[in-house]
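So you can see what is in the structure, the chains are spelled out below.
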2 protein chains.
Amino acid sequence: MKLFYSPSSPFVRKVMVCAIELGIAGKLDKEATSVGPIDRNQAVIPSNPLAQVPTLITDDGMPLYDSRVICEYLDSIGGNKLFPAAGPARWRTLTEQTAGDGLLDAALLGRYEVTVRPEDKRYEPWRLGQLDKIRTALNQFVTWLPAMGSRVDIGTITIGCALGYLDFRYGDFGWRNGRQGLADWYGNFAKRPSMDQTKPPAG
Amino acid sequence: MKLFYSPSSPFVRKVMVCAIELGIAGKLDKEATSVGPIDRNQAVIPSNPLAQVPTLITDDGMPLYDSRVICEYLDSIGGNKLFPAAGPARWRTLTEQTAGDGLLDAALLGRYEVTVRPEDKRYEPWRLGQLDKIRTALNQFVTWLPAMGSRVDIGTITIGCALGYLDFRYGDFGWRNGRQGLADWYGNFAKRPSMDQTKPPAG
């Protein structure tokens with residue numbers, strides 16, 4: 001399988017963490033790909049019109065995206081360990097995934113505001129709205145800690161990747177402040193080989 | 001079940017179309033809710049930290065989001081008609097859903113650019129990047145027409161709602177130009193009672 005890949009993308013990280021947890025990472029042929037919202041990567045568009053990473057091409061040649069679809073596909077060929085079958089456990093973990101993805105979408109938009117726009121085109125209320133979304137998502141994770149426990153599934157993997165992205169790109173945000181329980185949960189989760197092996201590059 | 005609802009949200013429309021197709025729309029208690037990226041709706045946050053519609057509260061009191069999770073949940077209680085079981089048909093329709101959702105995300109960002117920002121804070125290359133994403137998604141739909149056929153599932157429903165949103169908010173974009181086959185497909189799909197009954201309000 002071919003994976004359009006970037007080591008700094010938190011959504012790619014979700015895919016790689018799932019693949020490692022499932023023991024099938026070796027089946028992925030990673031193709032380094034850089035993408036952006038303005039200079040759209042033309043090499044990805046024939047496979048994925050959204051021009052985003054991750055995009056997977058299966059061995060049958062079928063393009064799959066986004067990370068949610070790819071992770072569920074990998075789970076189906078890797079033993080069905082990360083996506084519970086239909087029922088309350090599935091709806092809970094899928095909603096956790098949405099919250100983690102939503103934090104990441106806000107974090108990316110907040111970052112685009114200061115990386116792709118000239119300084120005079122930045123609008124602080126927009127960036128503050130994204131930061132507030134990050135904050136309310138973090139507070140939700142805190143209330144979910146008892147349910148998260150030591151589970152390893154698509155919900156906790158997404159939340160782990162979201163927190164890792166804040167460490168990577170939002171070091172000054174101080175997400176651990178006042179959230180010691182969540183910091184402890186992440187401290188343990190980040191020790192998993194799947195998380196350790198997918199840490200984003202420094203800088 | 002309670003649904004945080006807005007008649008102009010294309011993601012809410014996805015949910016309502018699914019519910020109508022499944023014959024369970026009567027079970028949804030719709031709560032009119034307006035949301036925005038800067039003035040975040042505080043009434044939604046306790047249920048959904050992303051403060052977005054749609055958000056569903058199940059009869060057991062479990063909050064579910066986003067539209068992908070809600071639609072799959074509704075399908076599970078409505079007869080499993082819209083989400084194929086694991087296999088190529090599922091991966092195809094879920095990827096179609098991603099493409100339709102991606103078009104909508106781009107359309108919303110392109111619209112926020114001109115609705116929530118003061119004129120001097122707008123950055124045309126950003127808006128053009130979003131429009132280009134809409135364009136490449138539309139071109140992908142055209143290549144998918146033979147596979148879409150007369151299927152009614154989460155993939156085609158999402159694509160139908162995406163095209164309906166372009167008619168609603170991007171009337172000048174001319175998405176039908178050069179895409180007669182897609183226009184014909186939508187013309188038929190839009191006649192379904194589920195689509196007709198969920199048309200966004202005028203203006």
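Residues numbered from 1 in each chain as written. Chains lettered and ligands numbered in written order. Predicted model: local features only at pLDDT ≥ 70, side-chain atom pairs only at ≥ 80, totals over all residues.

Before going further, it helps to spend a moment on the overall build of chain A. Scanning chain A from N- to C-terminus turns up 7 helices and 4 strands. Reading chain A from its N end, one meets helices and strands in the order β-α-β-β-β-α-α-α-α-α-α. The C-alpha atoms of chain A give a radius of gyration of 17 Å, which matches the 17 Å a tight globule of 203 residues would have. Counting only C-alpha atoms, chain A reaches 45 × 45 × 30 Å along its principal axes. When the 203 residues of chain A are sorted by exposure, 46% land in the buried category. (Helix = DSSP H or I, 4+ residues; strand = E, 2+ residues; numbered from the N terminus. Rg over C-alpha atoms; globule rule 2.2 N^0.38 Å. Buried ≥ 20, exposed ≤ 12 C-beta atoms within 10 Å, placed from the backbone.)

One copy of the chain maps onto the other through a rotation about an axis plus a displacement along that axis. Rotating chain B by 180 degrees about the axis while translating it 0.0 Å along that axis superimposes it on chain A, leaving an RMSD of 0.0 Å. Accordingly, the operation relating the two chain copies is best matched by a two-fold axis. Across chain B, the smallest distance between a C-alpha and the rotation axis is recorded for lysine 121 of chain B, namely 2.1 Å. Taken as a fraction of all interface residues of chain B, those also at the interface in chain A reach 100%, which identifies the copy contact as same-surface. (Least-squares fit on C-alpha atoms with pLDDT ≥ 70 in both. Contact = placed C-beta atoms within 7 Å.)

Our focus in this paragraph is the domain arrangement of chain A. All names here are of chain A. For chain A, the assigned domains are domain 1 (2-77) and domain 2 (88-196). Put simply, the middle of domain 1 and the middle of domain 2, counted by C-alpha atoms, are 20 Å apart. Contacts between the two partners involve 12 residues from domain 1, matched on the other side by 14 residues from domain 2. For the side of domain 1 that touches domain 2, the secondary-structure elements that each account for two or more residues are helix H1 (10-22) and helix H2 (67-77). Per-element accounting of the side of domain 1 that touches domain 2 gives the leading share, 8 residues, to H1. When the residues that make up the side of domain 1 that touches domain 2 are grouped by side-chain class, the tally is 8 nonpolar, no polar and 4 charged. (Domains from an automatic or database assignment. Nonpolar A, V, L, I, M, F, W, Y, C, P; charged D, E, K, R; others polar.)

On the chain A side, the residues contacting the 35 residues of chain B number 35 residues. Taken together, the elements giving at least two residues each to the side of chain B that touches chain A come down to strand S4 (63-64), helix H2 (67-77), helix H3 (88-115) and helix H4 (124-148) of chain B. The element contributing the most residues to the side of chain B that touches chain A is H4 of chain B, with 9 residues.

Here we come to H4 of chain B. All names here are of chain B. In this model H4 runs 34 Å from its N-terminal to its C-terminal C-alpha over 25 residues, within 8% of the 36 Å that 1.5 Å per residue would give. Of all the bends found along H4, the most pronounced is centred on valine 142 and spans about 35 degrees, while proline 146, a proline, follows it within four residues. What H4 keeps buried is the set Trp126, Gly129, Gln130, Lys133, Ile134, Thr136, Ala137, Leu138, Gln140, Phe141 and Met148. Among the structural elements, H3, helix H5 (154-169) and helix H6 (180-189) are those in contact with the buried residues of H4. (Expected span 1.5 Å × (residues − 1). Bend = angle between axes of the 7 residues up to and from the residue.)

Paired through their backbone hydrogen bonds, the strands of a sheet run either parallel or antiparallel. Residues and elements named next belong to chain B. Ordered by their spatial adjacency, 4 strands build an open sheet running S2-S1-S3-S4, and the pairing between neighbours is mixed. In this open sheet, the two edge strands, each paired with only one partner strand, are strand S2 (29-32) and S4. Of the pairings in the sheet, the one linking strand S3 (residues 55-57) to S4 comprises 2 bridges and is antiparallel in character. Paired with leucine 56 across the two strands is leucine 64, which belongs to S4. (Pairing = 2+ DSSP bridges.)

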